[in-house]
Amino acid sequence: MKYLSEFRDEEIVRTLLNKIRKCVTKPWNIMEVCGGQTHGLVRHGLLQMLPDQIRMIHGPGCPVCVTPVSLIDKAVELALEHDVILCSYGDMLRVPGSTLSLQQARAKGGDIRILYSPLEAVSIARQNPNREVVFFAVGFETTAPANALSVEQAYRQKLKNYTVLSAHVMVPPAMEAIMSDPDTKVDGFLAAGHVCTVMGLSEYVPLVEKWKMPIVVTGFEPVDLLEGIYMVVSQLENGEYRLENQYKRVVGKDGNRQAVDLVKSVFEYRDREWRGIGEIPMSGLFLAQKYRDYDATLKFGPLKERISEDSGCLSGDVMKGKIKPHECPHFGKGCTPEKPLGAPMVSSEGACAAYYNYATQESTE
Amino acid sequence: MNKSVKVELNCPAPVNEFDSITIGHGGGGKLTQNLLKSGVFSLLDNEWLREQGDAATIQLNGKTAFSTDTFVVSPLIFPGGTIGDLAVNGTVNDLAVSGAKPQYLSLSFILEEGLEMKLFQQILHSIRDACEEADVKIITGDTKVVEKGKGDQIFINTTGIGEMHSKSKMGMNRIKKGDAVLLSGSMARHGITIMSKRNGLEFETKLNSDTRPLHRICLELIDTFGSQIHLMRDPTRGGVANVLNEIAEQTGKGIQLNEKVLPVEDEVAGACEMLGLDPLYVANEGLFVAIVDAEIAEECIELIRKWEYGSSAVAIGKVTEDHPGKVVLHSAIGGRRVLAQATGELLPRIC
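Small disclaimer: the values here were computed from a predicted structure and weren't measured. (Residues numbered from 1 in each chain as written. Chains lettered and ligands numbered in written order. Predicted model: local features only at pLDDT ≥ 70, side-chain atom pairs only at ≥ 80, totals over all residues. Heavy atoms only, no water.)

**Brief notes about the overall build of chain B**
No. 1: Along the backbone of chain B there are nine helices and 13 strands.
No. 2: Along the three orthogonal principal directions, the C-alpha set of chain B runs to about 95 × 55 × 30 Å.
No. 3: In chain B, 35 positive and 46 negative side-chain charges are present, and the distance between their average locations comes to 2 Å. (Helix = DSSP H or I, 4+ residues; strand = E, 2+ residues; numbered from the N terminus. Lys, Arg positive; Asp, Glu negative; His and termini not counted. Charge placed at Lys NZ, Arg CZ, Asp CG, Glu CD.)

Here it is in C-alpha cells:
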C-alpha cells in the first residue's frame, strides 16, 4: 500500500483544502463523471470537508447504473430460456430487470457465473464445447479492450459457442449530452482517469472548445480528487476553460494505442440507450461486421422491446446532476440497496448507493 | 429355463474400497455403518461415540451456552484450513465470545454423492486436529447423502455446548458511553484468502485463512477482568462493520471508529483495493471484537497480545452517545462517513 499512502496523506489533504478555500469566491457545480470518483469522495468523507460553495454533482459514470433494463432482461432470458452459461461482472447481479435480476435468475437455476475477466469466459467456452457461453460485456472504455480481446481470441480459436452481449458505453458522448442539456447545472468536469488511461486525451479537446467548460482528467484517491477540484475551481475563478491532466502519473496524452486499435477493430460505434437518461448518439459499442458471429443478440434473437421504467425512480435526474440522490422522494424509503428502484442504488459505484452507504444516514439524522 | 443366480447377502467389499461417496453411504445400513466406523468414529474416537446411542449423556455444572452453525464454504480446502476445521472453530468461537468454555460438539454431514473419499478423509483429519487444538469432544452427529447435483460436495453443521465462565457478565445492556472497542487482530484475511481461490477471481497471494480457536484468550480476558468485559463478538460473515452495526442498533448507542488504526495486512489491503471491497465488510474467522471498560482497555490489549493469535490486537474506537444506532468512521484524512450494514453477497466492482 506504500504507493497509495501518499495520495491519502492527511497533511497534503489539508493543504489542498486550504488552497481550494482561498481560491473559491462563488458557488460552482462540478461534476465528477466516474462512479469510482463518487465512491472516493464519499468513502473518505471528502464531501463534508469541501467548502460550501463547491457542490459536487455525481455523473453517469457507473456502467452498471446505465445499462438498460432491456439488456438485463435479455441476459436473464439467455440464462433461463436458452440454458447458456452467462458470465458477468459481480456488480451486475443485483441490478433489477423488468421482472428479475441476474441474482434472482441464478436462484431459479440459471447458470450465471461471476468473472473478473472475459478471457476466463473464453476458457469456459473452450472447456464446455457443448454449452453456449455468453459474456455480459458491461463497462466503459476501461473494460472494452479486454472484451475486444476475448472476441478476437474466440475468433482466432474458431470457437462457435462464445458470444458477447455488449452493453458497452462511451463517456465523452455522455458528457456531450449533459453539456447540451439546457437545464444542466454543471460548470466544470472531473473526467474519469481510467477512461483516459485507455483512450488518451484527444476526445476531450473539442468538448472544452465547444462548451467552454474546464475539464480536468482526475484520479480516484483523496489527493487526486482535491487536486482535480482545485484545478477546475482555479480555471472557473479566472474565467478560463481548458483541458488539464491531474492524473499524469497514469494517463498519457495518447492513451494506450494498442488497446484503442483493438477496440476499434472489434467494435463499432452506434447510438445506445442509457438507463435513466435515454438514447445518446454514437455512445455504444456494438460488434463490427467481421465479428457478428460473436454477437449474442444476433445469435439468440433481438432484444426485447424497450421496457418502461415507470417506478418513480429519479435516477436519470441524479445522473444528469439535476438533483442529489437524497433529494429523490424514494431515497432511503421505497428505494434502498436491499430493494432498489433504480440501478444507482444497486452498484457500489452508483451515486444513490454511495450516499446511502456512506453519507446520508448521517445527513438525514 | 430358469437361470440359477447366487445371491450374496453380505457384500464383502469394505468401505475403503469405495473411492467416493455413494447414495448407499447415507442409507443407514451396512455402508453407513462402515463409513462411520472405519472413517469417522475411529478418527474422532471417545467414550460417547463408542456408545453409539441415540443421544449422548453429559454432565454440565452451572450456566451453559449452546450454539449452532452450518458451514457451506467453497472451496472446501483453502490455504490455512478446510471446511472441517472451520466447522469446529466456528462453533468453538461462538461459544468463546459468549463467555463459555467450549466442551462438546455435535457434527452433522450432508454429503453429495460422488464426493471423493480421500477428500472426505482429509476434512475428517482437519476436524480431528481442530478438536484437539480446541480441546472439545464430538459426542454425537449425523450423516446424510444427497444425490449428485443436489449439494455442493459437503455441508457441515456443528452444534456446541460449553460451561459459562462464572465471572462472565456480558450483554448488550452492559455497554456504556466511553467504552473502548477492541479488535484482537487484523481484518479480512479469511474472506480474501477464500476469494483468491474462487473460480474466475484467482490471484496470487501468500495469505492463509485465520481460522483458529479463540476461547483461551476470551476466557483469560473474562477471568482477569470479569464484569469489565462488556461484550465480545466474532465478526465472521459481514465483517467487523456488520457486527458493530448490530451492536449500535441493539444498544441505541453510537460507535466511533478511527480508520488510521484499523489493522489490515498490506497484502489484504492490496487485494481489497484490487477487488473494490472494503476490508471492514470482509469475513474473518479467528478474530473477535471486545467492548470493554475504557479503564482496562490498555491492559486488555496487552493480555491479548501475549497470545500468538492476538499479537496485533488494537483499540479501534469507542462507544459514544453521538449518532445513536450508527457506526461512524473517522477517515484517515480527517473526513467522516457512516458505515452501514452490508447488503447481501459481497460483489466485486467492475472498475
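**Looking at the sheet that holds strand S9 (residues 254–258) of chain B**
Residues and elements named next belong to chain B.
No. 1: One open sheet holds the seven strands; their spatial order is S8-S10-S7-S11-S9-S12-S13, and the pairing between them is mixed. Each edge of the sheet is formed by a strand with only one pairing partner; in this case those strands are strand S8 (229–233) and strand S13 (336–339). For this sheet the average axis-to-axis angle between neighbouring strands, irrespective of direction, equals 25°.
No. 2: The sheet contact formed by S8 and strand S10 (residues 289–292) spans four bridges and is antiparallel. Across the sheet, the residue bridging to Leu231 is Ile291, located in S10.
No. 3: On top of the sheet, helix H9 (residues 297–305) reaches strand S7 (180–183), S8, S10 and strand S11 (314–320); it is set at about 10° to S7, its chief contact. (Pairing = 2+ DSSP bridges. Axes fitted to C-alpha atoms, helices over the stretch in contact; angles between N-to-C directions. Contact = heavy atoms within 4.5 Å.)

**Considering the environment of Ser98 of chain B**
All names here are of chain B.
No. 1: Considering the arrangement of structural elements, one finds Ser98 in the loop between helix H3 (83–96) and strand S4 (100–112).
No. 2: A relative accessible area of 34% places Ser98 in the partly exposed class.
No. 3: The spacing of Ser98 and His215 is 117 residues in sequence and 9.5 Å in space, taken between C-alpha atoms.
No. 4: Those residues in contact with Ser98 that lie beyond four places of it in its chain are Met164, Ser168 and Met170. (Buried < 20%, exposed > 50% of the residue type's maximum accessible area, 1.4 Å probe, protein only.)

**Some points on the environment of Ser234 of chain A**
Residues and elements named next belong to chain A.
No. 1: Relative to the helices and strands, Ser234 is located in helix H13 (residues 222–237).
No. 2: When the C-alpha positions of Ser234 and Pro329 are compared, they lie 35 Å apart, and in sequence the two are 95 residues distant.
No. 3: There is a polar contact of 2.7 Å between the side chain of Ser234 and the backbone oxygen of Tyr230. (Polar contact = N/O pair within 3.5 Å; in protein donor to acceptor, adjacent residues only side chain to side chain.)

**What to know about the packing of aromatic side chains**
All names here are of chain A.
No. 1: With the rule as written, the count across this model stands at eight aromatic pairs over all chains.
No. 2: Consider the rings of Tyr155 and Tyr291, whose centres lie 5.1 Å apart with planes at 70°: the pair is edge-to-face. With a gap of 136 residues between them, Tyr155 in helix H9 (residues 144–156) and Tyr291 in the loop between strand S11 (278–287) and helix H15 (296–299) connect regions that are remote in the sequence.
No. 3: Each member of the aromatic cluster is reached from another via a ring pair, and the members are Tyr155, Tyr291 and Tyr294.
No. 4: For Arg249, the ring lying beneath its charged end belongs to Phe7, and the centroid distance is 3.5 Å. (Phe/Tyr/Trp six-rings, centres within 6.5 Å; stacked < 30°, edge-to-face > 60°. Lys NZ or Arg CZ within 6 Å of the ring centre and 35° of its normal.)

**Section: the sheet that holds S4 of chain B**
All names here are of chain B.
No. 1: With mixed pairing, four strands are arranged side by side in an open sheet as S1-S6-S4-S5. In this open sheet, the two edge strands, each paired with only one partner strand, are strand S1 (64–71) and strand S5 (137–146). The mean angle between the axes of side-by-side strands here comes to 15°, regardless of whether they run parallel or antiparallel.

**As for H9 of chain A**
No. 1: Over its 13 residues, H9 of chain A extends 18 Å from the first C-alpha to the last, a length consistent with the 18 Å expected when each residue adds 1.5 Å.
No. 2: For H9 of chain A, every residue scored as buried is listed here: Ala144, Pro145, Asn147, Ala148, Ser150, Val151, Glu152 and Ala154 of chain A. (Expected span 1.5 Å × (residues − 1).)

**Here's the deal with helix H8 (residues 118–127) of chain A**
All names here are of chain A.
No. 1: Considered for burial, the residues of H8 that qualify are Pro118, Ala121, Val122, Ser123, Ile124 and Ala125.
No. 2: Buried residues belonging to H8 abut strand S3 (85–88), strand S4 (111–114), strand S5 (133–137), H9 and strand S6 (162–166).
No. 3: Measuring from the side-chain oxygen of the N-cap residue of H8 to the backbone nitrogen of Leu119 gives 3.0 Å; that N-cap residue is Ser117.

**Describing the side chain of Gln37 of chain A**
Residue and element names in this part refer to chain A.
No. 1: Tracing the sequence through the fold places Gln37 in helix H3 (residues 35–43).
No. 2: Looking at Gln37, the relative accessible area reads 0%, which means it is buried.
No. 3: Leaving out residues up to four positions away in the same chain, Gln37 has contacts with Glu32, Leu190, Ala191, Ala192, Gly193, Thr218, Gly219, Phe220 and Leu225.

**Some words on the confidence of the model for chain B**
Residues and elements named next belong to chain B.
No. 1: The pLDDT averaged across chain B works out to 90; a share of 92% of its residues lies at or above 70.
No. 2: Predicted confidence for residues 1–15 stays below pLDDT 50, and this span has five contacts to residues more than four positions away or in other chains.
No. 3: Across the interfaces of the predicted complex, the ipTM metric reaches 0.79, alongside a pTM of 0.85. (pLDDT = per-residue confidence, 0-100.)

**Remarks on the packing of H3 of chain B against helix H4 (residues 117–134) of chain B**
Angle between the axes and distance between the axes: these two values describe a pair of packed helices.
All names here are of chain B.
No. 1: Running from amino to carboxyl end, H3 crosses H4 at an angle of 30°, the nearest separation of the two axes being 7 Å. For the element pair H3 / H4, the angle class is roughly parallel. Taken as a pair, H3 and H4 cross one another with a handedness that is right-handed. Taking contact as the criterion, the partners of Ile83, Gly84, Asp85, Val88, Asn89 and Val92 in H3 are, on H4, Ile123, Ser126, Ile127, Ala130, Cys131 and Ala134.
No. 2: Its residues assigned to classes, the contact of H3 with H4 shows eight nonpolar, three polar and one charged. (Parallel < 35°, antiparallel > 145°, perpendicular 65-115°, else oblique. Left-handed = near helix turned anticlockwise from the far one by under 90°. Nonpolar A, V, L, I, M, F, W, Y, C, P; charged D, E, K, R; others polar.)

**Considering the packing of H8 of chain A against H9 of chain A**
Residue and element names in this part refer to chain A.
No. 1: Remark: H8 packs on H9, axes separated minimally by 8 Å, with the N-to-C direction vectors making an angle of 25°. With respect to their mutual orientation, H8 and H9 come out roughly parallel. The handedness of the crossing between H8 and H9 is right-handed. Between H8 and H9, the contacting residues are Pro118, Leu119 and Val122 on the first element and Ala146, Asn147, Leu149, Ser150 and Gln153 on the second.
No. 2: Of the residues in the contact of H8 with H9, the class split is five nonpolar, three polar and no charged.

**What about unusual backbone geometry?**
Outside of glycine, negative phi angles account for most residues, and trans bonds account for most peptide bonds.
No. 1: Here the amide bond leading from Ser74 of chain B into Pro75 of chain B is cis, since omega sits at 5°, within 30 degrees of zero.
No. 2: Looking at the element boundaries, Pro75 of chain B is found in the loop between S1 and strand S2 (77–78).

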